[in-house]
Amino acid sequence: MSDNINLNTIRANTIDDIGTIDVIDKLQDKTGKLNSTAKIVINGESFTLSAKDKGNNKVAINVTKNYASGLKGFLQKLFGYRSQVAHSITNKLATIMTSNQYAQITQNLLQFRSIVSESLKKGVKDIEIADYGLSPNRQIVSTNNLVKKIQNEFASEGVKLRFIQIDNYNAALNIAPDRLLICPKAKNMKNSETYSQTINNIKNGEHNIREDRRKSYNISPEMLGAWKNFLSREENVKKIDIPTKLNEYLHQDPNSIPEKETGWKAQFKADPDKALRNFVLKNLSYDYKDITQEEFEELVSDVKNYLDVMNIKDEKERNEKLKEFCATENWRNEKEQERYDKYYNDDIKAGYSPEEARERADDGPMYTERFQRLNSIFSIATFRETSKLGLEFFKEQNIPVMFQFADYYGNNLQGEKFNNILSETKSLDEDKKQGSAITHSELRHAKRLKERFTDFALKLAGGGKEERAQQA
């Protein structure tokens, strides 16, 4: 086989160096179908690959050694010279083509091409696509440079492609976890902000726009301004101001009737204590999945006590109670207390006054594990809401949303797995201490939006499928 079909030639130093993107780049056409034959060159040694679609999402593959002409080649072929290498390459390709990653990259490319083609029909060449899904699946897009690959495919038509997460928009507006501290920041946290300050900035449209991040994420000034204005709408501020919203749920008029029979407001109306526990559980970070039952009970209590403080109407009294609530000694565990005592005693020995030693040794509550657990509940709940609002924003801006429709392991979410996500809020299990991924809330919200708006451009990039390839 000559090298004049270079586009269909995979080159690698070793068999292990053959990657998923190599197979896709060299063997797939733009419809995702495999070419019937291709060439594989391993460290200069040539082999021929044949691939045949067998239907039902299966492909038969076979690799044979390319022998030299003449007597030498005849004898090599007769004795099966290097046939074991060809067999190893066949196994490698079968492994790749049955992998979840192969299916995911294929599906992403097909959806990218679909979005670009639809945009070009409308005369749109500067195309933004919203990036949603679990982080491991998003990383497959970035690590394999799929956006660049698609842009190169459509380069002759002048396409410019931007694939951006709603988290990038938030970061460009300086909305980040360290800007959502429910207690006043520690003395050495110069660039942090409290939760209340951030909510007020959002409400008043006074975000500290980070131009460096906006440019880094390739967000246009117009789109970032639109997101800022969208978040500042009264109805949206109410959704993301979690302490205020929870207190409204906890202190409903006994004679009121919730607008809906489902949802958090109805749950808090029916059983406030149970609803609050479920809320904490839902927003429990995976980092804390192994907390003990005692720690979980403590966390629920901390959330309730903080909400009680924030529900005080008098500002002066509320600030005084918040100061008491945030006192560091309330948060230290035994190990953290030992660390504080050591620094304090060392400073006393060094000649500092007790007041100076206390101030020097006290890092603030945000450096304690117990406070971090508490703060993460409000941080995760806030970003859960901004992510769902992001879907509404992109719908309003006519920006297509590409959702990685796969679990943490790259498996497709169709069928029972997706149904479990849809019913997840009804089956929280406190014994397992497993929170709900923000992506699951996004999926549920995306489904609702698609049901309400037929023009919502939602594209699902599926995950791995059953047996994609087999040896011939």
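Structure first, text after, so check above.
Residues numbered from 1 in each chain as written. Predicted model: local features only at pLDDT ≥ 70, side-chain atom pairs only at ≥ 80, totals over all residues. Heavy atoms only, no water.

Novice: It is not clear to me how the state of the cysteines should be interpreted in this structure. Could you clarify?
Specialist: Each disulfide is one covalent bond, formed between the sulfur atoms of two cysteines. Tallying each qualifying case throughout the model produces 1 disulfide. One disulfide in the model links Cys183 with Cys326; its S-S distance is 1.9 Å. Between Cys183 and Cys326, the S-S dihedral sits near -85°, and the bridge is therefore left-handed. Of this pair, Cys183 sits in the loop between α7 (166–172) and α8 (195–204) while Cys326 sits in the loop between α16 (315–325) and α17 (334–349), placing them 143 residues apart in sequence. When its relative accessible area of 0% is taken as the criterion, Cys183 is described as buried. For Cys326, a relative accessible area of 8% corresponds to the buried category. (Disulfide = S-S within 2.5 Å. Helix = DSSP H or I, 4+ residues; strand = E, 2+ residues; numbered from the N terminus. Buried < 20%, exposed > 50% of the residue type's maximum accessible area, 1.4 Å probe, protein only.)

Novice: Please explain the sheet that holds strand β5 (residues 126–132) as it appears in this structure.
Specialist: Whenever strands of a sheet pair, they do so through backbone hydrogen bonds, lying parallel or antiparallel. Pairing is parallel across the open sheet formed by 4 strands, whose spatial order is β6-β5-β7-β8. With partners counted over all chains shown, the strands left at the sheet margins are β6 (160–164) and β8 (458–462), one partner each. Within this sheet the neighbouring strands show an average axis-to-axis angle of 30°, counted without direction. Against the sheet, helix α19 (residues 369–396) makes contact with β5 and β7 (401–405), and its axis sits at roughly 155° relative to β5, the strand it touches most. Its contacts with the sheet place helix α21 (residues 438–452) against β5, β7 and β8, and it is angled at close to 130° to β7. (Pairing = 2+ DSSP bridges. Axes fitted to C-alpha atoms, helices over the stretch in contact; angles between N-to-C directions. Contact = heavy atoms within 4.5 Å.)

Novice: I would appreciate a short explanation of the packing of aromatic side chains in the present structure.
Specialist: The relative placement of two aromatic rings is captured by the distance of their centres and the angle of their planes. Applying the stated criterion to the full structure yields 19 aromatic pairs. Both rings, one in Trp264 and one in Phe268, keep their centres 6.2 Å apart while their planes meet at 55°; by these two values the pair is tilted. On the criterion of helical spacing, the pair formed by Trp264 and Phe268 is a turn pair, its members being 4 residues apart in helix α13 (residues 264–270). Given a relative accessible area of 21%, Trp264 falls into the partly exposed group. Arg332 extends its terminal NZ or CZ atom over the ring of Tyr340, reaching a point 3.8 Å from the ring centre. (Phe/Tyr/Trp six-rings, centres within 6.5 Å; stacked < 30°, edge-to-face > 60°. Lys NZ or Arg CZ within 6 Å of the ring centre and 35° of its normal.)

Novice: I would appreciate a short explanation of the pattern of salt bridges in the present structure.
Specialist: Under the counting rule described, the total for this entry stands at 30 salt bridges. A salt bridge links Arg162 to Asp126; the shortest N-O distance between them is 3.4 Å. Pair noted here: Arg162 is in strand β6 and Asp126 is in strand β5, with a separation of 36 residues, a long-range link. Two residues, Arg233 and Glu396, come together in a salt bridge whose shortest N-O distance is 2.8 Å. Of this pair, Arg233 sits in the loop between α10 (221–231) and α11 (234–240) while Glu396 sits in helix α19, and the two are 163 residues apart along the sequence. A residue is classified by how much of its surface remains accessible, and Arg233, at 31% relative accessible area, is partly exposed. Taken together, the shared-partner salt bridges in this structure form one network comprising Glu298, Asp302, Glu369, Arg370 and Arg373. (Salt bridge = Lys/Arg side-chain N within 4 Å of Asp/Glu carboxyl O.)

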